[in-house]
Amino acid sequence: TRITDSSNIKEAKIKITSPDNSIEDYDLRKSNNIYSYSGLPTQLGNYRITISAKDEFNNENTKDAEFTAIETNPPSINEIITPGPTGKNSAVLIKANISDESSLSEVILKIKNPNNEIKETAMERFGEYYEYNYTDTGLLGEYRIELTAKDLYNNQAISNASFLIIDNIPPRIWNIN
């Protein structure tokens, strides 16, 4: 912040009102006629600041501004759990451990079957994991999954995995003469 006056500046301060309406006052530091304050927001949300300056004759002026502190880190998809090779027409439980500094707004699962048909669905949280029980496993082969996790600030993370549907039914033998 640049503060100028025809007489000497006696005092330069910043008042910071946090999103929870708590107020903190600090002296601004001067270097080459530039006044500054360095600090990091302690909460997410809207902040109001007031810069005030007083000269040697006690003339005072203030200027107000606002800024918003947002969280910019994406969620962490720590692990995706899929079963080993599973028999045709069997249910497949897909689980994911996901964490975030704020809160997750959605966890979307896309499943592409061996014919490249895509099913998109939301995963639900059960304890420490987000889960989805996939039952459309009538085709043999690899099923590819894409997991997208978004937080309240629209930061997102994407991770991929797959599972295999196999023929686990032994051959039938009949008509033995």
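Look up: the structure comes first, before these words.
So, here's what we can say about the structure. (Residues numbered from 1 in each chain as written. Predicted model: local features only at pLDDT ≥ 70, side-chain atom pairs only at ≥ 80, totals over all residues. Heavy atoms only, no water.)

Strand order in this open sheet of four strands is β2-β1-β5-β6, and the pairing throughout is antiparallel. Looking at the sheet topology across the chains shown, the edges are occupied by β2 (23-27) and β6 (60-69). Within the sheet, the average angular offset between the axes of one strand and its neighbour, ignoring direction, is 20°. Pairing geometry for strand β5 (residues 45-55) and β6, over 10 bridges, is antiparallel. Paired with I49 across the two strands is A65, which belongs to β6. (Pairing = 2+ DSSP bridges. Helix = DSSP H or I, 4+ residues; strand = E, 2+ residues; numbered from the N terminus. Axes fitted to C-alpha atoms, helices over the stretch in contact; angles between N-to-C directions.)

Here we come to the nonpolar core. Ranked by size, the top nonpolar core spans 20 residues in total, and within it I94, I98, I111, M123 and F163 carry the most contacts. The residues touching I111, leaving out its near neighbours within four places in the chain, are I94, E117, I118, K119, Y132, Y134, Y143, R144, I145 and F163. Counting residues in hydrophobic clusters, the runner-up holds 11 residues, among them I3, A12, I51 and A69. (Core = buried A, V, L, I, M, F, W, Y, C linked by side-chain atoms within 4.5 Å. Buried < 20%, exposed > 50% of the residue type's maximum accessible area, 1.4 Å probe, protein only. Contact = heavy atoms within 4.5 Å.)

Keep in mind that most residues, glycine aside, have a negative phi and that most peptide bonds are trans. Backbone geometry at N116 places phi at a positive 65°, although glycine is not the residue there. Tracing the sequence through the fold places N116 in the loop between β10 (104-112) and β11 (118-122). A relative accessible area of 54% means that N116 is categorised as exposed. With a phi close to 60°, N175 is a non-glycine residue in the positive phi region.

Per the counting criterion, the structure on display carries four salt bridges. Note that E146 is salt-bridged to K110, the shortest N-O span being 3.9 Å. Taken together, the positions of E146 in strand β14 (residues 141-151) and K110 in strand β10 put the pair 36 residues apart, joining distant regions of the chain. Its salt-bridge partner being R144, residue E142 comes within 3.0 Å of it at the nearest N-O pair. (Salt bridge = Lys/Arg side-chain N within 4 Å of Asp/Glu carboxyl O.)

Once that is clear, we can look at the side chain of N113. Mapped onto the fold, N113 is located in the loop between β10 and β11. On the accessibility criterion, N113 (7% relative accessible area) is buried. Within polar-contact distance, the side chain of N113 engages the backbone nitrogen of N115 at 2.8 Å. With residues near it in sequence (within four places) discarded, N113 still touches L139, E142 and Y143. (Polar contact = N/O pair within 3.5 Å; in protein donor to acceptor, adjacent residues only side chain to side chain.)

Attention shifts here to the sheet that holds strand β9 (residues 92-99). Strand order in the open sheet formed by four strands is β7-β9-β13-β12, with antiparallel pairing between adjacent strands. Lying at the two open borders of the sheet, with one neighbouring strand each, are β7 (76-81) and β12 (124-126). Geometrically, the sheet is characterised by an average inter-axis angle of 35° between neighbouring strands, direction not taken into account. Both β12 and strand β13 (residues 129-134) contribute to a ladder of three bridges, which runs antiparallel. Counterpart to R125 in the pairing with β13 is Y130.

These figures capture arrangement, not role.
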